[in-house]
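# Fold and geometry: a report
So you can see what is in the structure, the chains are spelled out below.
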Amino acid sequence: MMTTPFTDADTELVEHHGTRLVRVTPRHGGDHRAWFTANTQALRAAMYEHAAVMVKGSGLAEQGELAEIAEEIGGRTLEYNERSTPRSRVTGKVYTSTEYPQDQTIPQHNESAYSENWPHNVFFFCARAAQTGGETPVADSEAVLGALPADLVRRFEEKGVLYTRTYRTGMGLSWQEGFQTDDKGHVEAYCAEHGIESEWDGDVLRTRTRRPAVIAHPVTGRKVWFNQAHLFHVHALPEAVREGLLEICGEDGLPRNAYYGDGTPITADEIETVLGVYDERTWAEPWRTGDVLMIDNLLTSHGRRPFTGERSVLVAMTQRTADAA
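Residues numbered from 1 in each chain as written. Predicted model: local features only at pLDDT ≥ 70, side-chain atom pairs only at ≥ 80, totals over all residues. Heavy atoms only, no water.

## Some thoughts on the overall build of the protein
What counts here: Only DSSP runs of H or I with at least four residues qualify as helices, and only runs of E with at least two residues qualify as strands; both kinds are numbered from the N terminus onward. Radius of gyration: over C-alpha atoms. The globule rule applied is 2.2 Å multiplied by the number of residues raised to the 0.38 power. Partly exposed residues are those whose accessible area sits between 20% and 50% of the maximum for their type, while under 20% is buried and over 50% is exposed, using a 1.4 Å probe and protein chains only. By definition, residues are in contact when any of their heavy atoms lie within 4.5 Å. Here the open area of atoms and residues is found with the Shrake-Rupley method and a 1.4 Å probe, where only the protein chains shown may cover a residue. Here the positive residues are Lys and Arg and the negative ones are Asp and Glu; neither His nor the chain ends is included. Charge positions come from single atoms, namely NZ of Lys, CZ of Arg, CG of Asp or CD of Glu.
Across its full length, the protein holds 10 helices and 21 strands. In terms of overall size, the protein behaves like a compact globule, its C-alpha atoms giving a radius of gyration of 20 Å where 325 residues would be expected to give roughly 20 Å. Taken along the three principal axes of its C-alpha coordinates, the protein extends 60 × 45 × 40 Å. The buried share of the protein, reckoned over its 325 residues, is 55%. The contacts of the protein with a sequence gap of at least 6 include a subset with a gap of at least 24, amounting to 78%. Put simply, the protein shows about 13,800 Å² of open surface, and 48% of that area lies on carbon and sulfur atoms. Across the protein, the 32 positively charged side chains and the 48 negatively charged ones have centroids separated by 1 Å.

## Details of the sheet that holds strand 10 (residues 138-140)
We apply this condition: By the convention used here, strands pair only if DSSP detects at least 2 bridges between them.
The strand order 7-19-10-17 describes an open sheet built from four strands, whose pairing is antiparallel. With partners counted over all chains shown, the strands left at the sheet margins are strand 7 (106-109) and strand 17 (282-283), one partner each. Sheet topology note: the strand 10/strand 19 (residues 300-304) ladder contains three bridges and is antiparallel. Bridging across to strand 19, Asp140 finds its partner in Thr300.

## As for the side chain of Thr96
Tracing the backbone through its elements, the reader meets Thr96 in strand 6 (residues 94-96). On the accessibility criterion, Thr96 (17% relative accessible area) is buried. Once residues within four sequence positions are removed from consideration, Thr96 is found in contact with Arg87, Ser88, Val90, Val313, Leu314 and Val315.

## Remarks on the nonpolar core
Operational definition: We define a nonpolar core as any set of buried Ala, Val, Leu, Ile, Met, Phe, Trp, Tyr and Cys residues linked to one another through side-chain atoms lying within 4.5 Å.
With 37 residues, the main nonpolar core has Phe124, Leu148, Phe156, Trp225 and Leu293 as its most contacted residues. With four residues, the top contributor of residues to this core is helix 10 (residues 268-280). Excluding anything up to four places from it in sequence, Leu148 contacts Val153, Trp225, Thr273, Val274 and Val277. Grouped together as the second largest cluster of nonpolar side chains are 25 residues, Phe6, Val22, Met47 and Phe125 included.

## Observations concerning the sheet that holds strand 12 (residues 196-201)
Each strand in a sheet pairs with its neighbour through backbone hydrogen bonds, running either in the same direction (parallel) or in the opposite one (antiparallel). Rules: Where helices are involved, their axes are fitted lines through C-alpha atoms of the stretch in contact, as for all axes, and angles between N-to-C directions lie from 0 to 180°.
Spatially, four strands are ordered 12-13-11-16 in an open sheet, and the strand pairing comes out antiparallel. Edge positions in the sheet fall to strand 12 and strand 16 (256-260), since each has one partner strand and no second. Adjacent strand axes in the sheet meet at a mean angle of 15°, parallel and antiparallel pairs treated alike. In the sheet, strand 12 pairs with strand 13 (residues 204-211) via six bridges, with the strands oriented antiparallel.

## Regarding the pattern of salt bridges
Using the following cut-off: One side-chain nitrogen of Lys or Arg within 4 Å of one carboxyl oxygen of Asp or Glu is enough to make a salt bridge.
Per the stated rule, a full pass over the model turns up 20 salt bridges. The closest approach of N and O atoms between Asp10 and Arg27, which form a salt bridge, is 2.6 Å. Of this pair, Asp10 sits in strand 1 (residues 9-16) while Arg27 sits in the loop between strand 2 (19-26) and helix 1 (32-38); the two residues are 17 residues apart in sequence, bridging distant segments of the chain. A salt bridge links Glu270 to Arg155, with the shortest nitrogen-to-oxygen separation between them at 2.7 Å. Highlighted residues: Glu270 in helix 10 and Arg155 in helix 5 (residues 150-159), separated in sequence by 115 residues.

## Focus on the environment of Phe6
With respect to the helices, strands and loops of the structure, Phe6 is situated in the segment before strand 1. Given the relative accessible area of 13%, Phe6 is considered buried. When the C-alpha positions of Phe6 and Asp269 are compared, they lie 44 Å apart, and in sequence the two are 263 residues distant. Each residue touching Phe6, except ones within four places of it in the same chain, is listed here: Thr11, Val24, Trp35, Asn39, Ala42, Leu43 and Ala46.

## A word on helix 9 (residues 239-249)
The line we're drawing: Here the arc refers to the directions that run from the helix axis out to each C-beta atom.
Taken residue by residue, helix 9 has Arg242, Leu245 and Cys249 as its buried positions. Angular distribution of buried residues about the axis of helix 9 spans 70°; they occupy a single face of the element. Residues of helix 9 that are exposed and point over 90 degrees away from its buried face: Glu239, Ala240, Glu247 and Ile248.

## Considerations on the side chain of Thr181
As a reminder of what qualifies: Distance and chemistry together define a polar contact, namely a pair of N or O atoms within 3.5 Å, with one atom able to donate a hydrogen and the other to accept it when in protein, and with adjacent residues in sequence counting only for side-chain atoms on both sides.
The topology assignment puts Thr181 in the loop between helix 6 (175-179) and helix 7 (184-193). With a relative accessible area of 15%, Thr181 lands in the buried category. A polar contact is formed between the side chain of Thr181 and the backbone nitrogen of Asp183, at a distance of 3.1 Å. Filtering out sequence-adjacent residues up to four positions away, Thr181 remains in contact with Trp175, Gln176, His186 and Val187.

## Remarks on the pairing of strand 8 (residues 121-128)
For strand 8, a buried count of six out of eight residues is recorded, marking the element as mostly surrounded by other parts of the structure. With five bridges connecting them, strand 8 and strand 18 (residues 292-296) associate as antiparallel partners. Paired with Phe124 across the two strands is Leu293, which belongs to strand 18.

## Structural notes on the packing of aromatic side chains
The condition that has to hold: A pair of Phe, Tyr and Trp rings is counted when the ring centres sit within 6.5 Å of each other, with Trp represented by its six-membered ring. The angle between the planes then sorts it: under 30 degrees is stacked, over 60 is edge-to-face, the rest tilted.
Using the criterion set out here, one finds 11 aromatic pairs in the structure. Taking the centre distance of 5.1 Å and the plane angle of 85° together, the rings of Trp35 and Phe36 count as edge-to-face. Trp35 gets classed as buried once you look at its relative accessible area, which sits at 4%. Ring geometry for Trp175 versus Trp200: centroids 5.1 Å apart, planes at 85°, classification edge-to-face.

Structural data, given as structure tokens:
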């Protein structure tokens, strides 16, 4: 039972090891924009209550509509700044999803948890479903927190996470792509404003950022696992890639890595524990062309499964305004 019922829609709740997703199939009769407007409050409430909502057969066809619906439901749309993965702007503040090779898995993560400017909500639109695979799996961040060993959670909660990055041409993102500028002064000002330690070595930029690992949702008050330590950590890389990078760059020069907030190492076993909990609590809902997935970025992580054929999933990110609280 939804706290706020949907109008003109069939709903189904999927539950998997603490992760919940609401499937909503509109009966909009072709007027999909009117349906989204009529169900704005129900969609917001479902994200707070169940964290992830997939609208099947949304009726969206134009790329710009994704930003319009995201703003109506989630608030102000965001630029993708302080980047950690390659993406392309499609139109306005709508982007492609992360452009990694189709045979690769993108692990579960909360969008931009390493940044001070993370989005509250993320909206995905499947413009073209893959021939096989390509799902955008979700996992409940509160369920992940509750399943992790108490001593590990305590260490992360007390110390936080230190994210280190080295931006150099030809190895990961360049600083120009990461910060969307060619102006070193702009990068330095951005880092100073957002609590990022920065250091130049010629045209190579090194940064260090301390962020929390566990936070409370500002609306629901629920405590959630909210960090990307497992994604940044060198152990997350395939063994051959990891060894090659360490040989070339050394640990201090890796494109990215993660430590406890006091600079002490996070062990490979601890990263494996986190990844294992994510695996147990992840649900992958198949995409169909035209589907829209809406998530509360604090309450829900997301990733990407490998795929075959052509796939196009677009993304818009929002921060809540007073109207969308």
